[in-house]
Amino acid sequence: MKKLITIFTLAVSTFTFSQNSTTLKSNDIVINPVALVLGAVNVEYERIISENSGIGVTTSFLLDDYIIEDNNEFSITPYYNYYFGKKRANGFYIGGYCSINSGDVEKSYYVSSQYGGYTMYTTEKETNFGVGFKFGGKWVVKNDIILEIGTGLGRNFGGENKVNTTGMLGIGKRF
């Protein structure tokens, strides 16, 4: 009888532990292919923290400034998104972000002398911190593929460049 109970217990526990548990996929990674064509890298990682919200970070940097004449050569942007869709972290969203960006800024100086004056131009490296808001949409389609479009506008504190922007036209994967 003890052997029968032991065998039954082992069989039930083996069957119980062999069941596939459904875990929610809570990580998104998205890349902007349009930016790559234009000579920039724009990559985003987001961790879903509830049914309607996620926190993440976007990083972007220029590979080549021939096509995109942007003074932000590098930026790292942590953010928070709130989703309005019926599915988990899906649909239209609004959010806030902070941005640390760095790049070259052209500055002009007027130099005067007794014979007249001239304008001198210099390029200086500038690093800014800013905050802003963003909005857009993220949709999870077949096989956990993500399509995202979004944009944001913010303000830098300090420096010459007072406006910062963020954006994503991307494709990615939820895992």
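Model, not experiment: these values are computed from the prediction.

Summed over the entire model, instances satisfying the criterion amount to 8 salt bridges. One salt bridge connects Glu-44 with Lys-138, and the closest N-O pair in it is separated by 3.9 Å. In this pair, Glu-44 sits in strand β2 (residues 40–50) while Lys-138 sits in strand β6 (residues 116–140), placing the two residues 94 residues apart along the sequence. For Glu-44, a relative accessible area of 3% gives the class buried.

On to the sheet that holds strand β5 (residues 91–113), then. Pairing is antiparallel around the closed barrel formed by 8 strands, whose spatial order is β1-β2-β3-β4-β5-β6-β7-β8. Strand-to-strand twist in this sheet, taken as the mean axis angle between neighbours without regard to direction, amounts to 25°. Both strand β7 (residues 145–157) and strand β8 (residues 163–174) contribute to a ladder of 11 bridges, which runs antiparallel. By the bridge assignment, Ile-146 is partnered in β8 with Gly-172.

Trans is the prevailing form of peptide bonds, just as negative phi is the prevailing case for residues other than glycine. Here Asn-143, not a glycine, exhibits a phi torsion of approximately 60°, which is positive. With respect to the element layout, Asn-143 can be found in the loop between β6 and β7. Backbone geometry places Asp-144, a non-glycine residue, at a positive phi of 60°. Examined against the element boundaries, Asp-144 turns out to sit in the loop between β6 and β7.

Let's shift gears to the side chain of Glu-46. Assignment of secondary structure puts Glu-46 in strand β2. Overall, Glu-46 belongs to the buried group, its relative accessible area being 1%. Here Tyr-83 takes part through its side chain, which lies 2.8 Å from a polar atom of the side chain of Glu-46. In contact with Glu-46, other than residues within four places in its own chain, are Ser-26, Asn-27, Asp-28, Gly-54, Ile-55, Gly-56, Tyr-79, Asn-81, Tyr-83 and Lys-138.

This part is about the pairing of strand β3 (residues 53–62). In terms of strand pairing, β2 meets β3 through 10 bridges, oriented antiparallel. Considered in β3, the bridge of Tyr-45 is made with Val-57. In this antiparallel pair of consecutive strands, β2 and β3, the connection spans 2 residues. Bridging between β3 and strand β4 (residues 74–83) involves 9 bridges; their strand directions are antiparallel. Note that in β4 the partner of Ser-60 across the bridge is Ser-75.

Here Tyr-79 takes part through its side chain, which lies 3.5 Å from a polar atom of the side chain of Glu-44. Other than its neighbours up to four places away in sequence, Glu-44 contacts Asp-28, Ile-29, Val-30, Val-57, Thr-58, Tyr-79, Lys-134, Lys-138, Glu-148 and Met-168.

Quick notes on the rules
Residues numbered from 1 in each chain as written. Predicted model: local features only at pLDDT ≥ 70, side-chain atom pairs only at ≥ 80, totals over all residues. Heavy atoms only, no water. Salt bridge = Lys/Arg side-chain N within 4 Å of Asp/Glu carboxyl O. Helix = DSSP H or I, 4+ residues; strand = E, 2+ residues; numbered from the N terminus. Buried < 20%, exposed > 50% of the residue type's maximum accessible area, 1.4 Å probe, protein only. Pairing = 2+ DSSP bridges. Axes fitted to C-alpha atoms, helices over the stretch in contact; angles between N-to-C directions. Polar contact = N/O pair within 3.5 Å; in protein donor to acceptor, adjacent residues only side chain to side chain. Contact = heavy atoms within 4.5 Å.

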